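Remarks on the overall topology
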Amino acid sequence: LLSVLAPLQSQDIFETQTVEDIPCAPLIGNIGARHTQSLNGTWNALIDPSVFSLNDRFHYLERNYKPEPSELVEANLEDGLTLRVPGDWNTQDTRLVFYNGKVWYKRDFYVKKKDNKRYFLHFGAINYKAQIYVNGEHVASHTGGYTSFNCEVTKVLKEGENLLVIKVNNALTSDDIPTTSTDWMNYGGITRDVDLVEMPAQFIRNYKIQLAPKSIDRIEGWVNLEGMPTGSVNLEIPELNIRKTFPVTDGRARVSLDAKPELWSPEQPTLYTVRISAGPDAVEDQIGFRTIAVEDGQVVLNGKPVFLKGISIHEEAIGANGRASSEREAAELLTYAKELNCNFVRLAHYTHNEYMARQADKMGILVWSEIPVYWSVNFASPAVLEMAKTRMDEMIARDQNRASIIFWSLGNETPESEARNTFFGNLNKHVKSLDDTRLTTAALIFNEEIQAMARDYYFPTLAGKEFDVWDIEINDPLAEIVDVAAINQYFGWYYSGFLAAAANLPPYQARKTMLENIPKIRFHVRNNKPFVFSEMGAGAKRGKTADEEDLVVYSEEYQAKVYQNQVEMVKQQSGLVGMSPWILKDFRSSMRLYQGVQDYWNLKGLITDNGERKKAFFVLQDFYGSWGAPTV
Ligand code: GCB
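Reading guide: rules and limits
Residues numbered from 1 in each chain as written. Predicted model: local features only at pLDDT ≥ 70, side-chain atom pairs only at ≥ 80, totals over all residues. Heavy atoms only, no water. Near = heavy atom within 4 Å. Polar contact = N/O pair within 3.5 Å; in protein donor to acceptor, adjacent residues only side chain to side chain. Areas by Shrake-Rupley, 256 points an atom, 1.4 Å probe, with all protein chains shown as cover. Nonpolar A, V, L, I, M, F, W, Y, C, P; charged D, E, K, R; others polar. Disulfide = S-S within 2.5 Å. Helix = DSSP H or I, 4+ residues; strand = E, 2+ residues; numbered from the N terminus. Contact = heavy atoms within 4.5 Å. Domains from an automatic or database assignment. Buried area = accessible area lost by both parts, 1.4 Å probe. Salt bridge = Lys/Arg side-chain N within 4 Å of Asp/Glu carboxyl O. Axes fitted to C-alpha atoms, helices over the stretch in contact; angles between N-to-C directions. Parallel < 35°, antiparallel > 145°, perpendicular 65-115°, else oblique. Pairing = 2+ DSSP bridges. Patch = residues over 30% accessible without salt bridge, like charges linked within 9 Å, V, L, I, M, F, W, Y side chains within 5 Å. Buried < 20%, exposed > 50% of the residue type's maximum accessible area, 1.4 Å probe, protein only. Core = buried A, V, L, I, M, F, W, Y, C linked by side-chain atoms within 4.5 Å. Phe/Tyr/Trp six-rings, centres within 6.5 Å; stacked < 30°, edge-to-face > 60°. Lys NZ or Arg CZ within 6 Å of the ring centre and 35° of its normal. Left-handed = near helix turned anticlockwise from the far one by under 90°.

Let us look at the site of the ligand. Taken together, 14 residues form the shell around the ligand, and within it D183, Y374, E413, Y494 and K604 come nearest. N412 places a side-chain nitrogen or oxygen 2.8 Å from an oxygen atom of the ligand. Alone, the ligand offers 320 Å² of accessible surface; in the complex the protein occludes 96% of this. Partitioned by chemical class, the residues of the shell around the ligand number 5 nonpolar, 4 polar and 5 charged.

What follows concerns the state of the cysteines. In this structure the tally under the stated criterion is 0 disulfides. Summary of cysteine pairing: C24 is not part of a disulfide, and the nearest cysteine sulfur, belonging to C151, is at 6.1 Å.

The next point concerns the side chain of E236. Looking at where E236 falls in the secondary structure, it is placed in strand β15 (residues 231-237). Residues contacting E236, with those up to four places away along its chain left out, are I242, R243, T273, V274 and R275.

Once that is clear, we can look at the domain arrangement of the chain. As far as domains go, the chain holds domain 1 (2-200), domain 2 (205-290) and domain 3 (294-626). Taken over C-alpha atoms, the centre of domain 1 sits 36 Å from the centre of domain 2. The largest contributions to the domain 1 side of the interface with domain 2 come from N30, R34 and P200, which together make up 49% of the buried area. Put simply, domain 1 and domain 2 have 2 salt bridges between them. When the shortest N-O distance is used, the salt bridge between R34 and D281 registers 3.6 Å. Linking domain 1 with domain 2 are 4 residue pairs in polar contact (both at pLDDT 80 or more).

Look at helix α9 (residues 507-517) against helix α10 (residues 556-572): their axes get within 8 Å of each other, and the N-to-C directions meet at 40 degrees. Comparing the axis directions of α9 and α10 gives the class oblique. Here α9 contributes R511, L515 and E516 to the contact with α10, which in turn contributes Y558, K561, V562 and N565. Its residues assigned to classes, the contact of α9 with α10 comprises 3 nonpolar, 1 polar and 3 charged.

Read across the sheet, 7 strands follow the order β13-β14-β17-β16-β15-β18-β19 without closing on themselves; strand pairing throughout is antiparallel. Edge positions in the sheet fall to β13 (203-211) and β19 (281-287), since each has one partner strand and no second. Sheet twist, expressed as the mean angle between neighbouring strand axes with direction ignored, is 20 degrees. Sheet analysis places strand β14 (residues 218-226) next to strand β17 (residues 252-258), joined by 7 bridges and oriented antiparallel. Each residue of the ladder has a partner; that of I219, found in β17, is L257.

Residues F98, L593 and Y600 make up a contiguous nonpolar surface patch of about 300 Å² in total accessible area. Tracing the chain through its elements places F98 in the loop between β5 (82-85) and β6 (102-111). On the basis of relative accessible area, F98 is assigned to the partly exposed category, the value being 44%.

This part takes up the pattern of salt bridges. In this structure the tally under the stated criterion is 42 salt bridges. A salt bridge links D93 to R95; the shortest N-O distance between them is 3.0 Å. Given a relative accessible area of 15%, D93 falls into the buried group. We classify R95 as exposed; its relative accessible area is 57%. Residue E556 is joined to R542 by a salt bridge in which the shortest nitrogen-to-oxygen separation is 3.8 Å. Pair noted here: E556 is in helix α10 and R542 is in the loop between β31 (531-535) and α10, with a separation of 14 residues, a long-range link. Here E556 falls in the buried class, since its relative accessible area comes to 4%. For R542, a relative accessible area of 42% translates into the label partly exposed. One salt-bridge network, held together by shared partners, links D285, E354, R358, D361 and R402.

I311, F491 and F523 are the most contacted members of the largest nonpolar core, which totals 107 residues. For this core, the domains that each give at least three residues are domain 1 (2-200) and domain 3 (294-626). Counting residues in hydrophobic clusters, the runner-up holds 33 residues, among them V85, F109, L164 and I190.

Topologically, A259 is positioned in the loop between β17 and β18 (272-278). The sequence separation of A259 and E71 amounts to 188 residues, and the corresponding C-alpha distance is 70 Å. With residues up to four places along the chain from it excluded, the contact list for A259 reads I216, D217, R218, I219 and I242.

Most of helix α3 (residues 354-363) is tucked away, with 7 of its 10 residues classed as buried. Among the residues of α3, E354, M356, A357, Q359, A360, D361 and M363 are the ones counted as buried. In this structure N353 caps α3, since a side-chain oxygen of it lies 3.0 Å from the backbone nitrogen of Y355.

With that settled, consider the packing of aromatic side chains. By convention here, two paired aromatic rings are described through the distance between centres and the angle between planes. Tallied over the entire structure, the rule returns 36 aromatic pairs. Between the aromatic rings of W368 and F407, the centroid separation amounts to 5.9 Å while the plane-to-plane angle is 75 degrees, which identifies the pairing as edge-to-face. Taken together, the residues span a long stretch of sequence, with W368 in strand β25 (residues 366-370) and F407 in strand β26 (residues 405-412) at a distance of 39 residues. A relative accessible area of 0% places W368 in the buried class. Centroid distance F379 to F423: 4.8 Å. Interplanar angle 80 degrees. Geometry classified as edge-to-face. With a gap of 44 residues between them, F379 in the loop between β25 and α4 (382-399) and F423 in helix α5 (residues 418-434) connect regions that are remote in the sequence. The pair F379 / F423 is uniform in exposure class, with both members buried. Grouped by ring-pair contacts, the aromatic residues F446, F491, Y495, F523, F531 and F533 constitute a single cluster. Positioned over the ring face of F617 is R613, at 5.7 Å from the centre of the ring.

Attention now moves to the packing of α4 against α5. Running from N to C, α4 and α5 cross one another at 25 degrees; their axes reach a closest spacing of 10 Å. In terms of orientation, α4 lies roughly parallel with respect to α5. Read as a crossing pair, α4 and α5 show a hand that is right-handed. Counted together, V384, L385, A388, K389, M392, D393 and I396 of α4 and F423, N426, L427, H430, V431 and L434 of α5 form the full contact between these two elements.

Omega for the peptide link from I177 to P178 comes to 0 degrees, which places this bond in the cis form. Along the chain, the position of P178 falls in the loop between β11 (160-169) and β12 (194-200). Each neighbour pair has its own omega, and for A348 with H349 the value is -20 degrees, a cis peptide bond. Position of H349 among the secondary structure elements: in the loop between β24 (344-347) and α3. One non-glycine residue, N135, lies in positive phi territory at about 50 degrees. Residues other than glycine seldom take positive phi values, yet E413 does so here, at roughly 50 degrees. For E413, the position within the fold is in the loop between β26 and α5.

Here it is, written out as structure tokens:
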């Protein structure tokens, strides 16, 4: 085969080198309020699993290419597979269920080009790596599967029909974020909206308009302009009778004004229409104003302590449709959170689509938003740190005006090391330099502390000793770096399993002892740092029932029992400012291999993929409905 491919390569049909990356343009904020033409729909596609890449300059980059009958053709992008955009490819073709590799996408679109306008292609997200070609020209590259990006196409765009081809590759390496191992499906493809954006020759690129930190009567921020180095920016908030002009220097205006807005909160999610105009451009947003801070070991919203009654959510649509990408799907997921009496959601483990935070703004739900620094990334690599910073830049550039977002999360369950601590120190500093109106957090694991707990309490308990409390000290330096520590804990699921195995205990006895003692567990985080339980839970297959006493794992009764005991612990736990159990909905994971039970699904959901509630759903709902910890 190689002897065949070698001459082909020299004939420019295949190539083994990667094409050079072309940077994207800085993000245009608030894409939903701009002049856009949707390119969503049915696209042509071609699965390209070979290690040899089809040459990027080959004929399929041309429109309506018709080969001569005598011409040897080895690839085309039409007359075969089609894929829905937005959408993951995994749920659209059985050949792609577990696929990690390249897929080409292609579509035509029609443009009525106007003079004095600039044109951009905007992508809500493409997982993982994308090379964008317009009318045969390579216009941009992007890496990272969960954030928005855009590229300018003014010069390559033609009046009339245009051709857009995108090479997408969702193969990950140990130098990526995330790496190859994740407990979720590595859904590939153009997973969010695609739009052609028409902008005036000079325009408002992006802006941030928020309350100044800890101030309820001062609005601050900035407006970035494109093609307008000097001049002025107008800001209007009609409901507050505000109409002010700010001078522009070096393409940027600083905003600062006195105001007394009604504060945004879960109880009263007030949003104001904010209108920004400059030169020929104007943009309107719906913005809420609130403050968030840590004071005396508590999370304080608008000056009052709040207990975060949350749930974790993956970006998966209810109803077996893979990735969620629409406003309706965002609303459906968050409606379940509301039904649980939540005031908080953890959007795990990567940045969710823009509709989620916008919907949370409207519904009054506080949000934890994160980037996929998950498990062991290559912390020692400067390039990986740069990649993490870029992910943060993109997430913050898109969502910095959402009142609902209170946490930027730096990472999840990262094993401790010098390199990792330095990495997070740098990343935290970077986030703080971009945004001082929100808190930082990171979800921790604590293996050594579990071993200590087993030695000091669990095994002695099994041997007949009795304790009033089981104390666990969290020593991870990452807890000191961030504003609010977050703890993932699985007493009711994994720990009794591996401790039992380590001590050669029968599973029933090991599990029963752990489960019964959950209410006695007390966490202590150094320096009175507030913390949340960012994960806790157990798996259950909906419909699998058992006698509660039998501790049958994967039964709904067992999952409910874990939640009951966890809730008892939560009630006694000082320093705890909230929780987001794992997880709202069962989700696909190629790591879950228990056939007949899991079948590639993580079953820790409180609801099934189709939205049916399991018993534990009602345990959490009752707790949140009645828990009297300080709320706003
Ligand atoms: C965790 C991970 C999460 C997994 C979960 C589980 O600690 O953070 O991504 O899905 O546990 O179910 O094991």
